[in-house]
Amino acid sequence: MIRELTLNEIQTTYQQHLINDFPQDEVKPLAIIEKLYQEKQYRCFGLFNSQNQLLAYAYLATFQQSNLKSYLLDYYAVVSTYRNQGHGSQLLQALLKQLGDYCLLVEIEDLQKASTAKEKQIRQRRLNFYQQNGLKLTKVSAYLYGVDYQIMYYAQQNYNDAFILQELTKVYAQLFAHVVPKPYQVTINQ
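Residues numbered from 1 in each chain as written. Predicted model: local features only at pLDDT ≥ 70, side-chain atom pairs only at ≥ 80, totals over all residues. Heavy atoms only, no water.

## Here we look at the packing of aromatic side chains
Given two aromatic rings, their pairing is described by the distance between the two centres and the angle made by the two planes. Heads up, the rule is: Geometry of aromatic contacts follows a simple scheme: Phe, Tyr and Trp rings, the Trp one being its six-membered ring, pair when their centres are within 6.5 Å, and the pair is stacked under 30 degrees between planes, edge-to-face over 60, tilted otherwise. The way it works is that DSSP assigns letters per residue, a run of H or I at least four long becomes a helix, a run of E at least two long becomes a strand, and they are numbered from the N terminus. A 1.4 Å probe rolled over the protein chains alone gives each residue an accessible area, and that area as a share of the maximum for its type sets the label: buried under 20%, exposed over 50%, partly exposed in between. Either the NZ atom of lysine or the CZ atom of arginine qualifies as a charge over a ring when it sits within 6 Å of the ring centre and within 35 degrees of the ring normal.
Per the stated rule, a full pass over the model turns up 15 aromatic pairs. With centroids separated by 5.8 Å and ring planes inclined at 75°, the aromatic side chains of Tyr 145 and Phe 176 adopt a geometry described as edge-to-face. Placement of the pair is Tyr 145 in the loop between β6 (136-144) and β7 (147-155) and Phe 176 in the loop between α5 (161-175) and β8 (184-188), with a sequence separation of 31 residues. Judged by its relative accessible area of 9%, Phe 176 falls in the buried class. Plain terms: the ring middles of Tyr 153 and Tyr 159 are 6.2 Å apart, the flat faces sit at 55° to each other, and that makes the pair tilted. Taken as a pair, Tyr 153 and Tyr 159 share a single burial class, namely buried. Taken together through their ring pairs, the aromatic side chains of Phe 22, Tyr 42, Tyr 57, Tyr 59 and Tyr 75 make up a single cluster. Sitting above the plane of the Phe 48 ring, Arg 3 keeps its charged end 4.1 Å from the centroid.

In C-alpha cells form, the structure reads like this:
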C-alpha cells in the first residue's frame, strides 16, 4: 500500500533511513524538508506492507506552473532490509499513477563521470531501473553542489529538452531561493 507520509513519519524516515541511504553531502537538513512540507512545496510517500512496515519511500519537491505540476524526485530509496524484492518499482509505478497530470523530474548521477568501474555499474543500474519504469533520458544536465547529473522525466505526454530545462530551472530556483550563490547550473548537452 502506498500513502502520503505524515510530518512525524517524514521525520522518522529521515532519521532512521534517509541519512543512512544517501551520501552525507546530498542530505538536506531536516529543517529545510519540514519547512518545504509545511509550505506545501514538498510531498513524501511511503510503500508499506500489510503490517504497516515501511518498505520504500519517496520525497518530492513540487512546483506548480499554469496547469502543469512538476515534481523533482529528491530522495528515493528502498529500506535496506527490503531491497531487491521489487518494492522500488512497485512504489514508483504507484507514484506515477497517483500524481495526476504532472511532469516528474529525476536526477541521476552522470554515467560518464563515474570515477570507478563499480560506480559506473551502479549508475547504469539506476538508469536502467528508471527506463524500465517508463522514464525518458534527456540531454539536460545539472551540476548541483559539485555533482554532475543527467535528467530523466516521466509525463503523460512527450516534452522536448528545452521544456525540461525550463521546468528543472524553476524547481531549483524554488528549492534554493535562499541559497547564495546558486548551487546549481543547468544546461542542454549538444
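## Describing helix α1 (residues 7-21)
A turn of α-helix holds 3.6 residues, and therefore any two residues three or four places apart point the same way. For clarity, the threshold we go by: By this rule, a helix spans an expected 1.5 Å times one less than how many residues it contains. Note that the bend at a residue is defined as the angle between axes fitted to the seven residues ending at it and the seven residues starting at it.
When the terminal C-alpha atoms of α1 are compared, their 19 Å separation across 15 residues agrees well with the 21 Å that a helix rising 1.5 Å per residue should span. Largest kink in α1: about 50°, centred on Tyr 14. Among all positions of α1, only Ile 10, Thr 13, Tyr 14, His 17 and Leu 18 are buried.

## Topic: the confidence of the model for the protein chain
Definition in use: Scored from 0 to 100, pLDDT reflects the predictor's confidence in each residue.
Taken as a whole, the protein chain shows an average pLDDT of 93; of its residues, 99% reach a score of 70 or greater. Ranking the elements of the protein chain by mean pLDDT puts α5 last with 90 and α1 first with 97.

## Details of unusual backbone geometry
Peptide bonds are mostly trans, and most non-glycine residues show a negative phi. Cis peptide bonds are those with omega within 30 degrees of zero, and the linkage from Val 180 to Pro 181 qualifies with -5°. Here Pro 181 shows up in the loop between α5 and β8. We note that Lys 40 has phi near 60°; this positive angle belongs to a residue other than glycine. For Lys 40, a relative accessible area of 71% translates into the label exposed.

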